[in-house]
Amino acid sequence: MNKLFTLFISLCVATTLQAQNSPYISKVYDFMPAPGQFVNDLPEYEFGDTKEDMIRKVEECITGENKILVSLGAYGGYIVFGFDHPVVNVKGQNDFLLLGNSFWSDKNTDPEAPQRGGSSEPGIVMVSYDANGNGIPDDEWYELAGSEYHKPETIHNYEITYYKPDPNKAPTPDKDYPVLNDTTYIEWTSNQGDYGYISKNTYHKQSYWPEWYKENTVTFKGSKLANNFIDESGDKSYYVQYAYDYGYADNVPNEDEKAQLNIEWAVDKNGNPVHLKEVHFIKVYTGVNQYCGWLGETSTEIMGGVDLHPDAEATAIENQESSSGIHILNSWVDQELILTSPVQQKINIHNSLGSKWKTFSLLPGTNYVPCTNLVPGIYIITTDNESFKFIKK
């Protein structure tokens with residue numbers, strides 16, 4: 001009897017241990033670096049590798065307790081990954097940490113300084129809620145609005161295109177700066193009307209173009225942060241990249257509290273706050289488009305991630321989730337009401353006096369209800385058995 005009881009307890013303990021969520025990244029869904037000096041090295045490309053091979057290599061670098069650097073290349077290069085569970089939005093707390101290789105310079109270690117710098121290569125962080133429940137990152141992405149999001153220097157809807165280098169092109173070395181052996185190596189243009197080049201340097205002799213990507217151009221879109229570097233030497237020998245205040249990957253050292261990220265910072269494509277009870281997918285892309293002499297292009301690096309409360313349970317946020325699974329992502333509405341639904345179902349929208357404004361058929365996943373014609377005020381959403389509200393600004 002005692003043996004059976006002991007076996008029962010052992011099985012219960014084993015089941016409990018198995019049920020615990022891992023705090024570490026468990027899967028990489030996508031990886032597309034922009035050109036850069038560490039591309040094809042971090043991780044290493046081997047002849048014949050496909051995109052799937054490179055995703056597998058990236059997964060081997062950053063999942064579990066592995067902490068091997070993965071480079072995202074110049075502006076726009078990205079990675080998409082997730083945990084073995086949704087990351088819960090715990091109200092009033094930071095939710096996850098992304099590990100990079102940022103560090104302070106010897107002259108910028110004072111935590112009370114108005115701005116600290118060293119090697120800060122900020123990556124913009126996006127999150128997604130699996131609204132359609134299919135387990136893949138094909139739903140809406142929401143940007144975590146860090147300290148620079150609302151500043152006039154930040155360009156939203158930025159778009160950049162890189163052009164694959166001609167292997168027969170004659171190099172154009174910098175005669176005054178011999179470390180740069182081809183200053184016109186990879187050309188780029190943007191939708192802001194400017195253009196430039198990623199230079200090749202003597203430290204990295206491999207191709208800077210992702211070798212498994214066979215197209216002649218690659219385009220990235222997103223928000224672009226202002227340049228954060230200063231040539232403090234005046235002769236291109238000592239560059240310092242100054243950290244932004246909060247809200248970015250690879251922006252400050254991992255042990256700094258400001259390296260932590262908060263799902264409550266999420267905003268929609270128009271910059272309006274959204275309320276996500278949890279997120280299933282995370283995307284990071286290099287957020288600056290700058291070149292720092294012998295340091296090369298600024299490229300965000302990722303070497304893992306940590307859910308700061310892996311066993312937290314998701315709860316409805318501010319009563320914005322119904323028993324039928326409808327989840328309102330923006331209770332204060334400017335242009336569109338954003339809702340998610342696990343199934344197809346109808347809702348009715350009434351004004352505060354009870355007059356019906358609209359009947360809307362929700363589809364599984366994310367749904368947008370245009371509200372630009374609504375007058376400001378309180379509106380009521382009703383289903384067959386419940387009601388909840390939103391406010392038109």
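Residues numbered from 1 in each chain as written. Predicted model: local features only at pLDDT ≥ 70, side-chain atom pairs only at ≥ 80, totals over all residues. Heavy atoms only, no water.

Moving on, we come to the nonpolar core. In globular proteins that are soluble, nonpolar side chains generally tend to be buried together. Counting residues in hydrophobic clusters, the biggest one holds 36 residues, and the most contacted among them are Ile 62, Ile 79, Phe 96, Leu 98, Leu 276 and Val 284. Elements with a contribution of two residues or more to this core: strand 1 (27-32), helix 2 (51-62), strand 3 (78-82), strand 5 (96-98), strand 8 (123-128), strand 9 (141-144) and strand 19 (281-286). Ile 79 has contacts with Val 28, Asp 30, Phe 31, Val 58, Ile 62, Leu 72, Ile 282, Lys 283, Val 284 and Ile 302, leaving out every residue within four places of it along the chain. Grouped together as the second largest cluster of nonpolar side chains are 24 residues, Ile 124, Tyr 208, Phe 220 and Tyr 285 included. (Core = buried A, V, L, I, M, F, W, Y, C linked by side-chain atoms within 4.5 Å. Buried < 20%, exposed > 50% of the residue type's maximum accessible area, 1.4 Å probe, protein only. Helix = DSSP H or I, 4+ residues; strand = E, 2+ residues; numbered from the N terminus. Contact = heavy atoms within 4.5 Å.)

Our focus in this paragraph is the sheet that holds strand 22 (residues 327-328). The sheet built from three strands is open, its strands ordered 22-24-27 with antiparallel pairing. Either end of the sheet is taken by a strand with one partner, and the two such strands are strand 22 and strand 27 (365-370). Both strand 24 (residues 336-341) and strand 27 contribute to a ladder of six bridges, which runs antiparallel. Counted as the bridge partner of Ser 341 is Gly 365 from strand 27. (Pairing = 2+ DSSP bridges.)

Okay, the sheet that holds strand 14 (residues 229-231) next. Spatially, 6-7-15-14 is the arrangement adopted by the four strands of the open sheet, whose pairing is antiparallel. Each end of this open sheet is capped by a strand with a single partner; those strands are strand 6 (103-104) and strand 14. By the bridge criterion, two bridges tie strand 7 (residues 117-119) to strand 15 (residues 239-242) in an arrangement that is antiparallel. Each residue of the ladder has a partner; that of Gly 118, found in strand 15, is Gln 241.

Turning our attention to a nonpolar patch on the surface. Taken together, the side chains of Tyr 203, Trp 294 and Leu 295 make up a nonpolar region of the molecular surface, amounting to roughly 290 Å² of accessible area. Topologically, Leu 295 is positioned in the loop between strand 19 and strand 20 (301-302). (Patch = residues over 30% accessible without salt bridge, like charges linked within 9 Å, V, L, I, M, F, W, Y side chains within 5 Å. Areas by Shrake-Rupley, 256 points an atom, 1.4 Å probe, with all protein chains shown as cover. Salt bridge = Lys/Arg side-chain N within 4 Å of Asp/Glu carboxyl O.)

The next subject is the pattern of salt bridges. On inspection of all chains with the given rule, the structure shows eleven salt bridges. Residues Lys 151 and Glu 148 are paired through a salt bridge, measuring 3.3 Å at the closest nitrogen-oxygen approach. For Lys 151, a relative accessible area of 37% gives the class partly exposed. One salt bridge connects Asp 182 with Lys 169, and the closest N-O pair in it is separated by 2.9 Å. Note that Asp 182 is positioned in strand 11 (residues 180-190) and Lys 169 in the loop between strand 10 (155-163) and strand 11, a separation of 13 residues in sequence.

With respect to the helices and strands, Asp 194 occurs in the loop between strand 11 and strand 12 (195-201). Taking the C-alpha atoms as reference points, Asp 194 and Ile 160, separated by 34 residues in sequence, lie 9.6 Å from one another.

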